[in-house]
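A structural walkthrough
What follows is the residue order along each chain.
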Amino acid sequence: MITSTSTNTTADIETFHGSSLELKNLTMAYGDIEVLRNVSLAVPPGTTTCIIGPSGSGKSTLLRGVNRLHEPKSGDVVLAGESALKVNPDILRSRIGMVFQHFNLFPDHTALENVALALWSVKKMSKAEARERARRRLAEVGLAERADHRPRDLSGGQQQRVAIARALAMEPEVMLFDEATSALDPELVKGVLTLMASLAKRGMTMVVVTHEMGLRPEGCRPGGLYGRRRSGGSRHPRGDLRQPAQRTPPAFPLRGPLMGAAGQGPIRTAVVGFGISGRVFHAPLIEADPSFSLDVIVAADPDRVAAAAARSPRARIVPTAEAMFALAADLDLVILGTPPATHFGIASTAIAHKLHVVVDKPFVTTSAHGQELVALASDAGVQLTVFQNRRWDADFLTLRKLLHEGALGEVRTFESRFEWWRPEGFGNWRDSATTAEGGGILHDLGAHLIDQAVQLFGPVARSYGETARQGLNPDAADTEAFVSLLHDSGVRSRLWMNGMAAQAGPRFHVLGSHAGYTKWGLDGQEPALDAGLPPSDPAYGVESQESWGLLGVDGATSAVPAERGAYPQFYRLLAGALLHGGPVPVDPADAVDVLKVIEEVHALA
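Here is a short report on the structure shown in this document. (Residues numbered from 1 in each chain as written. Predicted model: local features only at pLDDT ≥ 70, side-chain atom pairs only at ≥ 80, totals over all residues. Heavy atoms only, no water.)

The next point concerns the overall build of the chain. In terms of regular secondary structure, the chain is built from 18 helices and 25 strands. Buried positions account for 56% of the 605 residues belonging to the chain. Residue pairs in contact within the chain that sit at least 24 positions apart in sequence constitute 72% of those at least 6 positions apart. Looking at the chain as shown, the accessible area adds up to about 25,100 Å², and 52% of this sits on carbon and sulfur atoms. (Helix = DSSP H or I, 4+ residues; strand = E, 2+ residues; numbered from the N terminus. Buried < 20%, exposed > 50% of the residue type's maximum accessible area, 1.4 Å probe, protein only. Contact = heavy atoms within 4.5 Å. Areas by Shrake-Rupley, 256 points an atom, 1.4 Å probe, with all protein chains shown as cover.)

Pasting the structure below:
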């Protein structure tokens, strides 16, 4: 409950009547792995409680259990004397607000729209009422004059204050802060901590997670947290989660014996699934890179087991992900080439085992699951990335080089197509998966085309799309899609995906103020790998002159030599990240942003 106590020139100053929160023997697990066991915590109303501990100790998992972003395995969460596990999750999340480490703002919405969205979609307020409340909350956090700005125009500290305003707008009884300052530059931290301290003084019940003793708001009391963290790491003798004796290192090298004292490879790898993804892409690329060893393949279908044994005779073949996790002590990296509906469950279990993870696109079935995986990996201190291999297509690399050189002048429109004639379908899960299961051509190919467009022309300001079903199965997801993106840069991208195109359009058609560039045909690396051409072969990734794109204006065009396709670069960059602390090849936050665009298109279609 919130009541107004006074007024100033910017916003009502209100007093909060926070509720009590109690955890009773809460156990959190991912699959068979218990991350927290029998944790109990009492938070009196109107107080601020800090949970402080090293990365990987389960702090963020605990908060996700409180507001049921991840369902507890056992125990109870009691809010104002009532079991939160018996409350509808959507209603519960309006009573328990959560502020995340990475803001999680919609990039194509203004600050005002980000705050108001849940009010009219969840609380069913009128848009006028929602906007009015959103303006008051933004004023309260000092952002009244930034209400009409999009996240790209806000500093990190301002974006986090928008996230706090969004949570406050729901009028919660309790606020959860998950490493709310860890993604901010040092000079921006103070402003957020000051705001959190202000909320505490006005009576909000708050639970604050951090791994830094110095980064806790004024008035934060010790957590009184009892229970055991099941994963490795330092523990207080009683099992409480406490600040570690020494700081967690900033880089996360691979674990233990495999690396040796010098921190060298090979990186012990498991590939889950041996369909097109595992057989054509991951296994050949892993085996061609000396930084990796392919140790385990998960496959149950007899034909795929035979193919895996023939392809990788040194790898151990097991029938299930559970059997693979039984070997987790001898692994460092898990690669998921399975249907998207399985990605979250397998990836979260791998993270709980302290394994690094590569996930095929589409990353997961929802952006919310993507955000949770990113947070879980960060909390566990492992690396997570997404196999967006089309960033290393020959035509994409060629176009990127032309744009860098300014060969087209100022680009105005970008058209991109991924079309083929396959009316019989794929003969695998793609033919029957629903949209909710991550099925459909927008999830499958849109994940590539949207990602490529954003990589070339920057963040999306507005999106629009259309989808259609043309297949024999009326319950299956879309087989045809069109997406229009207006980028912040002013470029308009138009993207087509079609699995039943009797005649394909140009792969790229790009128009600029000086010239255009048109390219026909798909990249040749996938068929080359499928035919058994090793990535080390001099012919790998090289496009024939007949396939080169044309640059210029009508009547005066010339063929542009294609850059060499470079799928192996993904794993070279990943090895650099795991062995030497470099960046991962694809930031998973990019894949989350792509999923948000896909979700908007599906909502409108």
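The gaps of empty space that remain are located by a probe, the size of a water molecule, rolled over the atoms. Looking at the second largest pocket, its volume works out to about 880 Å³. Residue lining of the second largest pocket: 41 residues in total, with I276, S277, F281, R430 and E526 positioned closest to the centre. Where the lining of the second largest pocket is concerned, the elements lending two or more residues are α8 (276-287) and α16 (525-530). Of all the elements, α8 adds the most residues to the lining of the second largest pocket, at five residues. (1 Å grid on protein atoms, 1.4 Å probe; cavity = no way out; pocket = protein on both sides within 12 Å on 5 of 7 lines; lining within 4 Å. Points joined across faces, edges and corners; volume = space filled by probe spheres on them.)

The next subject is the pattern of salt bridges. All told, the structure shown has 22 salt bridges when counted by the stated rule. A salt bridge links D444 to K361, with the shortest nitrogen-to-oxygen separation between them at 2.4 Å. Of this pair, D444 sits in helix α14 (residues 441-444) while K361 sits in the loop between β16 (356-360) and α12 (367-380), placing them 83 residues apart in sequence. On the basis of relative accessible area, D444 is assigned to the buried category, the value being 10%. Among the charged side chains, a network of salt bridges with common partners joins E82, R95 and E173. (Salt bridge = Lys/Arg side-chain N within 4 Å of Asp/Glu carboxyl O.)

In this section: the sheet that holds strand β9 (residues 174-178). Read from one edge to the other, the open sheet built from four strands follows the order β5-β10-β9-β8, with strand pairing classed as parallel. Two strands in the sheet have a free side with no partner beyond their single neighbour: β5 (48-52) and β8 (96-99). Recorded for the sheet is a direction-independent mean angle of 15 degrees between the axes of neighbouring strands. Sitting on the sheet, helix α1 (residues 59-66) touches β5, β8, β9 and β10 (205-210), and the angle it makes with β9 is about 150 degrees. Contacts between helix α5 (residues 156-169) and the sheet are confined to β8 and β9, with β8 contributing the most and set at about 170 degrees to the helix. (Pairing = 2+ DSSP bridges. Axes fitted to C-alpha atoms, helices over the stretch in contact; angles between N-to-C directions.)

For the structure on display, the rule yields eleven aromatic pairs. Joined through ring pairs, the aromatic side chains of F281, F292, F387, W392, Y567, F570 and Y571 make up one cluster. In this structure, R417 is placed above the aromatic ring of W496, and the distance from its NZ or CZ to the ring centre is 4.0 Å. (Phe/Tyr/Trp six-rings, centres within 6.5 Å; stacked < 30°, edge-to-face > 60°. Lys NZ or Arg CZ within 6 Å of the ring centre and 35° of its normal.)

M324, F363, L373 and Y571 are the most contacted members of the largest nonpolar core, which totals 92 residues. Counting 40 residues, the second-largest nonpolar core is a separate cluster that includes L119, I164, A165 and A180. (Core = buried A, V, L, I, M, F, W, Y, C linked by side-chain atoms within 4.5 Å.)

Here we take up the pairing of β5. With five of its five residues buried, β5 lies for the most part within the structure. Examined bridge by bridge, β5 and β10 share five bridges and lie parallel to one another. When the bridges of β10 are listed, I51 appears paired with V209.

Relative to the helices and strands, Q455 is located in helix α15 (residues 446-457). Accessibility expressed as a relative area gives 34% for Q455, which makes it partly exposed. Setting aside chain neighbours within four positions, we find Q455 in contact with R391, F396 and D590.

This brings us to the pairing of strand β3 (residues 21-30). Along any regular strand the residues' side chains alternate between the sheet's two faces. Taken across its ten residues, β3 has seven buried, putting it largely inside the fold. Bridge count for β3 against strand β6 (residues 74-79) is five bridges, and the pairing is antiparallel. Its bridge partner lying in β6, L23 is registered against V77.

What follows deals with the sheet that holds strand β24 (residues 549-553). Reading across from one edge, β19-β20-β21-β18-β22-β23-β24-β25 is the order of the eight strands in this open sheet, with mixed pairing throughout. Each having just a single partner strand, β19 (460-468) and β25 (556-560) make up the two edges of the open sheet. Direction aside, neighbouring strands of the sheet carry axes that sit 15 degrees apart on average. Sheet analysis places strand β18 (residues 411-419) next to strand β21 (residues 492-498), joined by seven bridges and oriented parallel.

Positionally, D395 belongs in helix α13 (residues 394-405). With 128 residues separating them in the primary sequence, D395 and D523 have C-alpha atoms 6.8 Å apart. Setting aside anything within four residues of it in sequence, one finds D395 in contact with R507, F508, K519, G521 and D523.

An ideal rise of 1.5 Å per residue puts 16 Å on twelve residues; α13 measures up with 17 Å between its terminal C-alpha atoms. If you check which residues of α13 are buried, you get A394, D395, F396, L397, T398, L399 and L402. G406 sits one or two residues past α13 and shows a positive phi near 75 degrees. (Expected span 1.5 Å × (residues − 1).)

This part covers unusual backbone geometry. In the segment running from K361 into P362, the intervening peptide bond is cis, with an omega of -15 degrees. With respect to the helices and strands, P362 occurs in the loop between β16 and α12. The phi dihedral of N38 is positive, around 55 degrees, even though this residue is not glycine. As for its position among the elements, N38 is in strand β4 (residues 33-43). You can call N38 partly exposed: its relative accessible area is 41%. One non-glycine residue, E171, lies in positive phi territory at about 55 degrees. Structurally, E171 is set in the loop between α5 and β9.

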